[in-house]
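What follows is the residue order along each chain.
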Amino acid sequence: MFAGQVVFLIIACLMLGAAVRVVTSRRIFHAALWLIGSFFCVAVIYMLLESPFMAGIQLFIYIGGIAVLTVIAIMVTKGGMHPDSHTLGNGWSAAIVSISLFIVMAWTITQLGFPNEPGMPVAEEGLALLGAALVDPGGYLVPFEVVSVMLMVVLIGSLYLGRER
Amino acid sequence: MTGLGGEVIRTLLGAFAMALFPLVVVVFLIWEARKVIGRMQDRLGPTNAGTYAGPFALFQTVADGIKILTKELIIPTGADRGVFVAAPILVVTVAIAVWAVIPLGPTGLQVVDLDIGAFYVVAISALAPFSMIMAGWSSRNKYAEVGAFRAVSQIVGYEIPQVLALLIPVLLTGSLSLQDIIRAQDIAFIFVVPLAAFSFLIACVAEVGRLPFELAEADSEIVAGYFTEYSGMMFGAFYLGEFINNLTVSVIFSVLFLGGWRGPWVDQVPWLGAVWLMAKALLVFNVLVLFWAAMPRLRIDQVLAFNWKFMVPLGLVELVTVAIADKTMESLGVAQGWERSAGLLVANLVLGLAIVGVLSLVGREAKRRRSFRRPGVGAA
């Protein structure tokens with residue numbers, strides 16, 4: 001258990017360090033790269049929690065999806081890829097928003113109360129259970145389908161906006 | 001050695017051996033690719049005439065590797081040093097990390113049999129475009145930047161048909177574990193769902209940037225693309241990473257569609273599985289090499305249009321068709337064995353014919369419209 005704690009501490013420190021660098025980097029491209037590092041550390045923590053599927057999702061959605069989108073947005077923004085492009089100096093309002101968001105989340109998490117057991121056994125067929133729950137009418141079928149409809153709307157909307165007129 | 005310590009050491013040694021494996025194999029694959037391309041172009045390829053490269057110049061790549069180690073590492077003025085140096089490291093790391101889940105044999109010859117194996121491959125590959133972006137951005141060179149732009153738009157696009165095609169073996173097996181997928185292939189999936197195999201292969205060729213999709217490093221247009229500014233072993237890392245990726249997609253294609261380590265006598269001699277897998281992978285790799293030697297390079301707009309207007313719809317239609325055909329047969333009571341495979345094959349062939357029909361109709365329509373708009377041009 002002790003070795004696991006040490007590894008967790010190291011990963012957590014790396015993650016927080018990367019997160020701090022996201023905010024303090026002067027070049028926006030560096031900030032995007034540090035963000036990827038931070039995402040990767042989260043994936044490692046999921047691996048430590050013996051949940052490889054969540055780790056894979058973290059890599060696939062956050063790094064393969066969100067980080068790629070971020071980088072593409074930087075690439076197509078005028079001057080965004082320029083090595084000397086600096087981030088916008090609107091620090092105070094951003095700080096207020098993020099600190100208040102942090103307070104809300106921290107308060108919510110402390111309200112939850114965590115079980116004290118050292119660790120619950122992982123279900124043998126965890127992945128199959130997850131998949132069944134998503135498409136089972138008694139499970140989360142309706143939210144799942146609503147999300148897919150929403151994604152469809154987003155897709156059509158972006159096509160409409162990007163259409164040549 | 002007993003207990004936990006012994007197990008940790010065994011795992012580490014296994015991981016180390018597995019990480020070395022693609023590096024060693026690739027040294028000879030580079031030689032093989034050069035020989036094949038040489039023959040295709042009416043040359044001899046590397047020979048041992050006047051050198052010490054061994055029989056058939058087998059160790060030419062080793063000599064090249066030693067030479068490249070002696071070259072100076074030049075970091076251009078104005079380059080972003082940290083990112084510039086990190087990019088080649090990331091390329092090789094990502095290329096090797098995929099090998100953690102590749103099953104070389106029925107038991108033991110695999111670092112870890114994750115129950116999300118196929119998904120792990122996709123998730124790790126998602127890191128690959130970043131090495132190219134990092135290299136292209138940090139070089140501060142316009143050719144490198146154009147190469148990075150091309151690489152990202154191409155890889156992000158072709159990831160979709162690749163994942164859609166990968167879902168089909170997963171769907172037929174009911175598991176994401178690569179071992180389970182191999183065990184389910186009493187008939188290799190390429191004979192059950194040939195369309196999925198086809199689109200997976202095309203998407204893989206685009207993903208590793210092999211001709212005709214070699215846009216990111218098109219040497220007649222943008223020097224060497226995103227790694228224009230690299231020299232010495234850092235250039236070598238990109239070259240190596242590219243070849244490892246070629247080998248990796250060949251191996252993954254063999255695992256998903258050609259039955260992986262399955263072959264005669266594997267039950268008696270487990271390590272023979274590795275031989276079968278590598279033989280199948282070599283076959284696929286040589287298809288890539290033949291593409292490389294025979295194909296012209298496309299334009300970037302053609303590559304992207306081909307993806308979004310053909311590959312993605314094909315992947316979606318194929319996935320839905322296979323799912324419906326499989327469920328229909330299950331409800332008819334044909335859920336196992338060769339009858340199911342035959343049914344899926346028929347569904348695939350019908351779909352393939354339909355696609356060819358639609359394409360020829362669309363092509364004829366486009367041709368008619370062109371000749372109508374510009375009389376005299378299309379008619380000639």
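What you see is a predicted model, and the numbers here were worked out from it, not measured in a lab. (Residues numbered from 1 in each chain as written. Chains lettered and ligands numbered in written order. Predicted model: local features only at pLDDT ≥ 70, side-chain atom pairs only at ≥ 80, totals over all residues. Heavy atoms only, no water.)

Q: Can you tell me about the packing of aromatic side chains, naming the residues and giving the values?
A: All names here are of chain B. Applying the stated criterion across every chain yields a total of 17 aromatic pairs over all chains. When the ring of Phe 200 is compared with that of Phe 257, the centres are 5.6 Å apart and the planes differ by 50°; the resulting orientation is tilted. Of this pair, Phe 200 sits in helix H9 (residues 194-207) while Phe 257 sits in helix H10 (residues 232-257), placing them 57 residues apart in sequence. The same class applies to Phe 200 and to Phe 257, which are both buried. Geometrically, the ring pair formed by Phe 243 and Trp 292 is tilted, given 6.0 Å between the ring centres and 55° between the ring planes. In this pair, Phe 243 is assigned in helix H10 and Trp 292 in helix H11 (residues 272-294), connecting sequence segments 49 residues apart. By relative accessible area, Phe 243 is classed as buried at 1%. (Phe/Tyr/Trp six-rings, centres within 6.5 Å; stacked < 30°, edge-to-face > 60°. Helix = DSSP H or I, 4+ residues; strand = E, 2+ residues; numbered from the N terminus. Buried < 20%, exposed > 50% of the residue type's maximum accessible area, 1.4 Å probe, protein only.)

Q: Break down the packing of H9 of chain B against helix H12 (residues 300-331) of chain B for me, citing the residues and quoting the values.
A: Between two packed helices, the angle of one axis relative to the other and the distance separating the axes together describe the packing. Residue and element names in this part refer to chain B. Closest axis-to-axis distance for the H9/H12 pair is 10 Å, and the angle between their directions is 145°. The hand of the H9/H12 crossing is left-handed. Across from Leu 195, Ala 196, Ser 199, Ile 202 and Ala 203 in H9, the residues of H12 making contact are Phe 306, Met 311, Leu 314 and Glu 318. (Axes fitted to C-alpha atoms, helices over the stretch in contact; angles between N-to-C directions. Left-handed = near helix turned anticlockwise from the far one by under 90°. Contact = heavy atoms within 4.5 Å.)

Q: Summarise the interface of chain A and chain B; cite the residues concerned and give the values.
A: Each side of the interface is counted separately: chain A has 24 residues, and chain B has 22 residues. Here chain A packs against chain B, burying approximately 2100 Å² in sum over the two surfaces, 84% of which is carbon and sulfur. Taken together, chain A and chain B are joined by zero salt bridges. One can count zero residue pairs in polar contact (both at pLDDT 80 or more) joining chain A with chain B. (Buried area = accessible area lost by both parts, 1.4 Å probe. Salt bridge = Lys/Arg side-chain N within 4 Å of Asp/Glu carboxyl O. Polar contact = N/O pair within 3.5 Å; in protein donor to acceptor, adjacent residues only side chain to side chain.)

Q: For the side chain of Thr 248 of chain B, give the residues involved together with the corresponding values.
A: Residue and element names in this part refer to chain B. With respect to the helices and strands, the residue Thr 248 is situated in helix H10. Here Trp 99 takes part through its side chain, which lies 3.0 Å from a polar atom of the side chain of Thr 248. Residue contacts for Thr 248: discarding those within four places in its chain leaves Ala 95, Val 98, Trp 99 and Ile 102.

Q: Account for a nonpolar patch on the surface, naming residues and giving values.
A: Residues and elements named next belong to chain B. A contiguous nonpolar surface patch, about 630 Å² in accessible area, is contributed by Phe 16, Leu 20, Val 24, Phe 28, Phe 59, Val 62 and Ile 66. Listing elements by their share of the nonpolar patch, those giving two or more residues are helix H1 (3-40) and helix H2 (60-69). Element by element, the count of residues in the nonpolar patch is highest for H1, at four residues. Relative to the helices and strands, Ile 66 is located in helix H2. (Patch = residues over 30% accessible without salt bridge, like charges linked within 9 Å, V, L, I, M, F, W, Y side chains within 5 Å. Areas by Shrake-Rupley, 256 points an atom, 1.4 Å probe, with all protein chains shown as cover.)

Q: Outline helix H2 (residues 28-48) of chain A, supporting the account with residue identities and numerical values.
A: With 21 residues, H2 of chain A extends 31 Å between its outermost C-alpha atoms, agreeing within 8% with the 30 Å of an ideal straight helix rising 1.5 Å per residue. Where H2 of chain A is concerned, the buried positions are Phe 29, His 30, Ala 31, Ala 32, Leu 33, Ile 36, Ser 38, Phe 39, Cys 41, Ala 43 and Ile 45 of chain A. For H2 of chain A, the secondary structure elements touched by its buried residues are helix H1 (2-24) and helix H3 (52-76) of chain A together with helix H3 (81-97) and helix H5 (128-138) of chain B. Remark: Glu 50 of chain A follows H2 of chain A within two positions and exhibits a positive phi of approximately 60°. (Expected span 1.5 Å × (residues − 1).)

Q: Requested: an account of empty space enclosed by the protein, with residues and values cited.
A: All names here are of chain B. By the definition in use, this model includes two cavities of 30 Å³ or more. The calculated volume of the largest cavity comes to roughly 500 Å³. Lining the largest cavity we find 32 residues, and of these Ser 125, Ala 128, Glu 207, Val 208 and Asn 245 sit closest to its centre. Every element with two or more residues in the lining of the largest cavity is listed here: H3, helix H4 (117-125), H5, helix H6 (142-173), H9 and H10. Broken down by element, the residue count for the lining of the largest cavity peaks at seven residues, all from H10. (1 Å grid on protein atoms, 1.4 Å probe; cavity = no way out; pocket = protein on both sides within 12 Å on 5 of 7 lines; lining within 4 Å. Points joined across faces, edges and corners; volume = space filled by probe spheres on them.)

Q: Now, about the nonpolar core: what can you tell me, with residues and values included?
A: All names here are of chain B. In terms of nonpolar packing, the biggest core is built from 123 residues, with Val 193, Phe 200, Tyr 226 and Phe 257 touching the most fellow members. With 13 residues, the single largest contributor to this core is H10. Discounting chain neighbours no more than four positions away, the residues touching Tyr 226 are Met 132, Ala 135, Gly 136, Ser 139, Ala 144, Gly 147, Ala 148, Ala 151, Ala 216, Glu 217, Phe 238 and Glu 242. (Core = buried A, V, L, I, M, F, W, Y, C linked by side-chain atoms within 4.5 Å.)

Q: Help me get a handle on the domain arrangement of chain A, residues and values and all.
A: Structurally, chain A comprises domain 1 (1-109) and domain 2 (125-165). In this structure, domain 1 of chain A and domain 2 of chain A have C-alpha centres spaced 25 Å apart. (Domains from an automatic or database assignment.)

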